[in-house]
Amino acid sequence: MPAVVSTTSVTGALKLIAAQSFDVLITDFHMPQAGDGFTVVNAMRHFQPPTLIFVVSDFPDMERAMKAILLQADQIMTKPFDAGE
């Protein structure tokens, strides 16, 4: 059965990415501590290339800037978004 694993920091995410296998990553662009979503996405692409990656942000202007990450992320969603997306 699929499980959901969560963490609240970039450091925690990096540790999980190195220790476990994931099918999907959902990360916010902005993190409360050091680092950001780009760091998490880059680590996932490096260690687990087939993983589906979704990046979310609540700053509409960031959507344009984050388009550059599309080479690494599979989807960028601006908050709030419909869960059906």
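Anyway, here's the lowdown on the structure attached to this text. If you're wondering where the values come from, they're calculated on a predicted model, not measured in any experiment. (Residues numbered from 1 in each chain as written. Predicted model: local features only at pLDDT ≥ 70, side-chain atom pairs only at ≥ 80, totals over all residues. Heavy atoms only, no water.)

Moving on, we get to the overall build of the chain. Tallying secondary structure elements over the chain gives three helices and three strands in all. Helices and strands appear in the chain in the N-to-C order α-β-α-β-α-β. The 85 residues of the chain split such that 33% are buried. (Helix = DSSP H or I, 4+ residues; strand = E, 2+ residues; numbered from the N terminus. Buried < 20%, exposed > 50% of the residue type's maximum accessible area, 1.4 Å probe, protein only.)

Before going further, it helps to examine the packing of helix 1 (residues 10-19) against helix 2 (residues 37-47). Between two packed helices, the angle of one axis relative to the other and the distance separating the axes together describe the packing. Relative to each other, helix 1 and helix 2 sit at 5°, their axes nearing to 10 Å. With respect to each other, helix 1 and helix 2 are oriented roughly parallel. Of the residues in helix 2, those touching helix 1 at Val 10, Ala 13, Leu 14 and Ile 17 are Thr 39, Val 40, Ala 43, Met 44 and Phe 47. Looking at the contact of helix 1 with helix 2 residue by residue, the class counts come to eight nonpolar, one polar and no charged. (Axes fitted to C-alpha atoms, helices over the stretch in contact; angles between N-to-C directions. Parallel < 35°, antiparallel > 145°, perpendicular 65-115°, else oblique. Contact = heavy atoms within 4.5 Å. Nonpolar A, V, L, I, M, F, W, Y, C, P; charged D, E, K, R; others polar.)

Turning our eyes to something else, we now look at the environment of Ser 21. Mapping Ser 21 onto the fold places it in the loop between helix 1 and strand 1 (24-28). Between the C-alpha atom of Ser 21 and that of Phe 47, which follows or precedes it by 26 residues, the distance is 9.2 Å.

A separate point is a nonpolar patch on the surface. The grouping of Val 24, Ile 26 and Leu 52 at the surface amounts to a nonpolar patch, some 270 Å² of accessible area in total. With respect to the element layout, Ile 26 can be found in strand 1. Here Ile 26 falls in the exposed class, since its relative accessible area comes to 61%. (Patch = residues over 30% accessible without salt bridge, like charges linked within 9 Å, V, L, I, M, F, W, Y side chains within 5 Å. Areas by Shrake-Rupley, 256 points an atom, 1.4 Å probe, with all protein chains shown as cover. Salt bridge = Lys/Arg side-chain N within 4 Å of Asp/Glu carboxyl O.)

Moving on: the nonpolar core. The biggest cluster of nonpolar side chains holds 14 residues, and the ones touching the most others in it are Ile 17, Leu 25, Val 40, Met 44, Ile 53 and Val 55. For this core, the secondary-structure elements that each account for two or more residues are helix 1, helix 2 and strand 2 (52-57). Setting aside chain neighbours within four positions, we find Val 40 in contact with Val 10, Ala 13, Ile 17, Leu 25, Thr 27 and Met 31. (Core = buried A, V, L, I, M, F, W, Y, C linked by side-chain atoms within 4.5 Å.)

Here the focus is the environment of Asp 28. As for its position among the elements, Asp 28 is in strand 1. For Asp 28, a relative accessible area of 22% puts it in the partly exposed group. Taking the C-alpha atoms as reference points, Asp 28 and Ser 57, separated by 29 residues in sequence, lie 5.8 Å from one another.

Side chains of strand 1 alternate between two faces, with Leu 25 and Thr 27 buried and Val 24, Ile 26 and Asp 28 left unburied. Bridge count between strand 1 and strand 2: five bridges; the pairing is parallel. Residue pairing for strand 2: Ile 26 is matched across the bridge by Phe 54. Taking the sense of rotation as the criterion, the β-α-β connection linking strand 1, helix 2 and strand 2 turns out right-handed. (Pairing = 2+ DSSP bridges. Right-handed = clockwise from strand over helix to strand, strands pointing away.)

Shape descriptors only; they carry no functional weight alone.
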